[in-house]
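Architecture at a glance
Single-letter residue listing:
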Amino acid sequence: MAGLDVKALLDSRDDDDLERWAKTINPQFVRVLRTIGFDRTWARAEGAYLWDGDGNRYLDMLGGFGMYNVGRNNPRIRAALIEALELDTPGMLAMGVTALPGLLAEALLARTPPRLERCLFTNSGTEAVEAALKLGRAATKRTRVLSADHGFHGLTLGSLSASGDAAFTARFGPLLPGFERVPFGDLAALESELRREDVALFIVEPIQGKGLNLPPAGYLEGAQALCRKYGSLFCVDEVQTGFGRTGTMFAFEHWGLEPDLVPVAKSLSGGYVPVGALLMSRKVHEAVFDSMEHAVSHGSTFAPNELGMVAGLATLKELDDEQLVERSARLGTRLLELTQPLVEEYEVVHEVRGLGLMWAIEFGEPRSGRIAWKVIEKAQPGLFAQLVVAPLFSEHRIRSQVAGHKLAVIKVLPPLVITEDDIDEFGGEMRATIEQAQKMPRSLTKFALTAAGIR
Ligand SMILES: Cc1ncc(COP(=O)(O)O)c(C=O)c1O
């Protein structure tokens, strides 16, 4: 008997993907897509592009929230996965070990500072963060966890407890006890908490993904020094910034950091197979896994899974072979050069910032004060950004995203395989869309109010 014929299944469906999603998965999400005009059906993807059901090509500056560093449907990652499937590898042994996890752990640790010597695999970013929280507590025999305001570390309850954004945490409390936040960039506030010498770890994104906030000069180095001084672990969350996103393999390299704990995930997957890892110092690992009795103190049925390991190994090779990390640095510089003049050109553009191919543009009230801006932003803070994201998509076929709840910031995390022409196109279309949005024609204002649920 033949197995599942995927193509026949896809070809035979005659109804609407969006309708089925709304009926079986999440109707509110489909409402959002319809409101902002993102309600396409998608047929195909390659590299930095997606094609809709009508054959239109879109430039994907959203990059699956930063999981497609090696590009969508990368043929070399796919070939490695197919080869692994055809090898009939032993799979997950439970009581036993196989070759691939050790090889990926070795490859990851070869790319990080010597302080990081052990790797614990997970299936996602939030699980890697959960591991950091649990192991950090056990290793230090302390319970408090510090994180930064506006930080984001995932949506399971532990990670959420370290989140600094009420939009994610409200309604899901009580969160875990012992979690507190300090302002991002404020070393004095951090020290006043660490000084109590009861903090297990300080977890921080090197560049905050929500809003795309870059650390002030000296902040991360200072935070690391304070953690060392007061016996707390320094955890740098590289789930979003890792694997070349910011123009170095890991963002912490920009500041010469040597963290004790580093959660990674997203792009390690090659865009194909969910996989994450917590990279940690030997000291942390040995403090938790300190006896045979504690040999399986933390883990998960599917981690490490063979296909995830192959995806990770193939991704690291692809980043090296195609020099994607250097490419991210080079194209990121070009993107900034192209877009920073927008600050001078348009009053509504307050800042353009980024590092490598992690880029954002922030809008603010024009100095000359426009009534329309006030109306829009009063309806819902951050709505102006949606006035740019929506036409950028529907008219210019470029996918981007608003950088967080109620933020007038647009962010992009394109696949690192993007071309110089794509970057130039993005810069040009962004300019054209801002030009149009800042005039705030009535149609756009109406759209904005609908999007805010006001009409
Ligand atoms: C910095 C950071 N940490 C953790 C996570 C959670 O990762 P995941 O969505 O794989 O659970 C994310 C996801 O966006 C992230 O950006």
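Here is what the cut-offs are and how they apply
- Residues numbered from 1 in each chain as written.
- Predicted model: local features only at pLDDT ≥ 70, side-chain atom pairs only at ≥ 80, totals over all residues.
- Heavy atoms only, no water.
- Near = heavy atom within 4 Å.
- Polar contact = N/O pair within 3.5 Å; in protein donor to acceptor, adjacent residues only side chain to side chain.
- Nonpolar A, V, L, I, M, F, W, Y, C, P; charged D, E, K, R; others polar.
- 1 Å grid on protein atoms, 1.4 Å probe; cavity = no way out; pocket = protein on both sides within 12 Å on 5 of 7 lines; lining within 4 Å.
- Points joined across faces, edges and corners; volume = space filled by probe spheres on them.
- Helix = DSSP H or I, 4+ residues; strand = E, 2+ residues; numbered from the N terminus.
- Salt bridge = Lys/Arg side-chain N within 4 Å of Asp/Glu carboxyl O.
- Buried < 20%, exposed > 50% of the residue type's maximum accessible area, 1.4 Å probe, protein only.
- Pairing = 2+ DSSP bridges.
- Contact = heavy atoms within 4.5 Å.
- Axes fitted to C-alpha atoms, helices over the stretch in contact; angles between N-to-C directions.
- Patch = residues over 30% accessible without salt bridge, like charges linked within 9 Å, V, L, I, M, F, W, Y side chains within 5 Å.
- Areas by Shrake-Rupley, 256 points an atom, 1.4 Å probe, with all protein chains shown as cover.
- Phe/Tyr/Trp six-rings, centres within 6.5 Å; stacked < 30°, edge-to-face > 60°.
- Lys NZ or Arg CZ within 6 Å of the ring centre and 35° of its normal.

1. Comments concerning the site of the ligand
Neighbouring the ligand are Ser-124, Gly-125, Thr-126, Phe-152, His-153, Gly-154, Glu-205, Asp-237, Val-239, Gln-240 and Lys-266. In the environment of the ligand, an oxygen atom lies 2.9 Å from a nitrogen or oxygen atom belonging to the side chain of Gln-240. A distance of 2.9 Å is found between an oxygen atom of the ligand and a side-chain nitrogen or oxygen belonging to Lys-266. Class assignment of the residues belonging to the shell around the ligand gives a composition of two nonpolar, six polar and three charged.

2. What about the layout of surface pockets?
Its boundaries defined by the atoms lining it, the second largest pocket holds a volume of some 810 Å³. Taken together, 24 residues form the lining of the second largest pocket, with Ala-94, Gly-96, Val-97, Ala-303 and Pro-304 sitting closest to its centre. For the lining of the second largest pocket, the secondary-structure elements that each account for two or more residues are helix H6 (99-109) and strand S4 (116-122). Here the lining of the second largest pocket is built from residues that sort into 15 nonpolar, nine polar and no charged.

3. Points about the pattern of salt bridges
Summed over the entire model, instances satisfying the criterion amount to 30 salt bridges. One salt bridge in this structure joins Asp-260 and Arg-115, with 2.9 Å as the shortest N-O distance. Here Asp-260 is found in the loop between strand S8 (233-236) and strand S9 (261-264), whereas its partner Arg-115 is found in the loop between H6 and S4, with 145 residues between them in sequence. One salt bridge in this structure joins Asp-149 and Arg-181, with 3.5 Å as the shortest N-O distance. Of the two residues, Asp-149 is situated in the loop between strand S5 (144-148) and helix H8 (157-161) and Arg-181 in strand S6 (residues 179-182); the sequence distance between them amounts to 32 residues. Here Arg-181 falls in the partly exposed class, since its relative accessible area comes to 43%. Three or more residues are tied together by salt bridges with common partners; here these are Arg-144, Glu-180, Glu-193, Arg-196 and Asp-198.

4. Quick word on the sheet that holds strand S14 (residues 401-402)
What the four strands build is an open sheet, ordered S11-S12-S15-S14; its pairing is antiparallel. One side of each edge strand has no neighbouring strand; the edge strands of this open sheet are strand S11 (349-355) and S14. Pairing analysis gives two bridges linking S14 to strand S15 (residues 409-412), with the strands arranged antiparallel. Bridge pairing links Gln-401 to Lys-411 in S15. Packed onto the sheet, helix H14 (residues 324-339) meets S11, strand S12 (358-363) and S15 and runs at close to 170° relative to S11.

5. Concerning a nonpolar patch on the surface
A surface patch of nonpolar side chains, about 410 Å² in accessible area, is lined by Leu-4, Val-6, Leu-9 and Leu-10. Along the chain, Leu-9 turns up in helix H1 (residues 6-12). What makes Leu-9 partly exposed here is its relative accessible area of 49%.

6. Quick word on the side chain of Thr-339
By secondary structure assignment, the location of Thr-339 is in helix H14. Only 2.5 Å separates the side chain of Thr-339 from the backbone oxygen of Leu-335, close enough to count as a polar contact. Those residues in contact with Thr-339 that lie beyond four places of it in its chain are Val-352, Trp-359 and Gly-427.

7. Here we look at helix H3 (residues 27-35)
Where H3 starts, the residue carrying a side-chain oxygen 3.0 Å from the main-chain nitrogen of Gln-28 turns out to be Asn-26. Looking at the residues trailing H3, positive phi occurs at Gly-37, about 80°.

8. Quick word on unusual backbone geometry
The omega torsion of the bond from Gly-173 to Pro-174 falls at 0°, within 30 degrees of zero and hence cis. Of note, Asp-88 is a non-glycine position whose phi angle comes to about 50°, a positive value. With respect to the helices and strands, Asp-88 occurs in the loop between helix H5 (75-86) and H6. Backbone geometry places Arg-397, a non-glycine residue, at a positive phi of 55°. By the element assignment, Arg-397 lies in the loop between helix H17 (383-394) and strand S13 (398-399). Judged by its relative accessible area of 35%, Arg-397 is partly exposed.

9. Remarks on the packing of aromatic side chains
Applying the stated criterion across every chain yields a total of eleven aromatic pairs. Their ring planes at 85° and their centres at 5.2 Å tell us that Trp-359 and Phe-426 sit as a pair that is edge-to-face. On the criterion of sequence distance, the pair formed by Trp-359 in strand S12 and Phe-426 in helix H18 (residues 420-439) is long-range, its members being 67 residues apart. Here Trp-359 and Phe-426 have matching classes, each one buried. Here Phe-363 and Phe-384 contribute two aromatic rings whose centre-to-centre distance is 4.9 Å and whose plane-to-plane angle is 70°, an arrangement assigned as edge-to-face. A residue pair is termed long-range when its members are at least 10 positions apart, and Phe-363 in strand S12 and Phe-384 in helix H17 qualify at 21 residues. Residues Phe-363 and Phe-384 agree in their burial class; the two are buried. Chaining the aromatic ring pairs together yields one cluster made of Phe-38, Trp-42, Tyr-58 and Phe-393. Residue placement shows Lys-210 over the ring face of Phe-152; its charged tip is 4.5 Å from the ring centre. Note that Arg-399 overlies the ring of Trp-42, its terminal NZ or CZ placed 5.5 Å from the centroid.

10. With respect to the sheet that holds S13
With mixed pairing, four strands are arranged side by side in an open sheet as S1-S2-S3-S13. The two strands at the open ends of the sheet, each matched to only one other strand, are strand S1 (42-46) and S13. Along the sheet, H18 contacts strand S2 (49-52), strand S3 (57-60) and S13; its crossing angle with S3, the most-contacted strand, is approximately 95°.

None of the figures reported here should be taken as evidence of function without further support.
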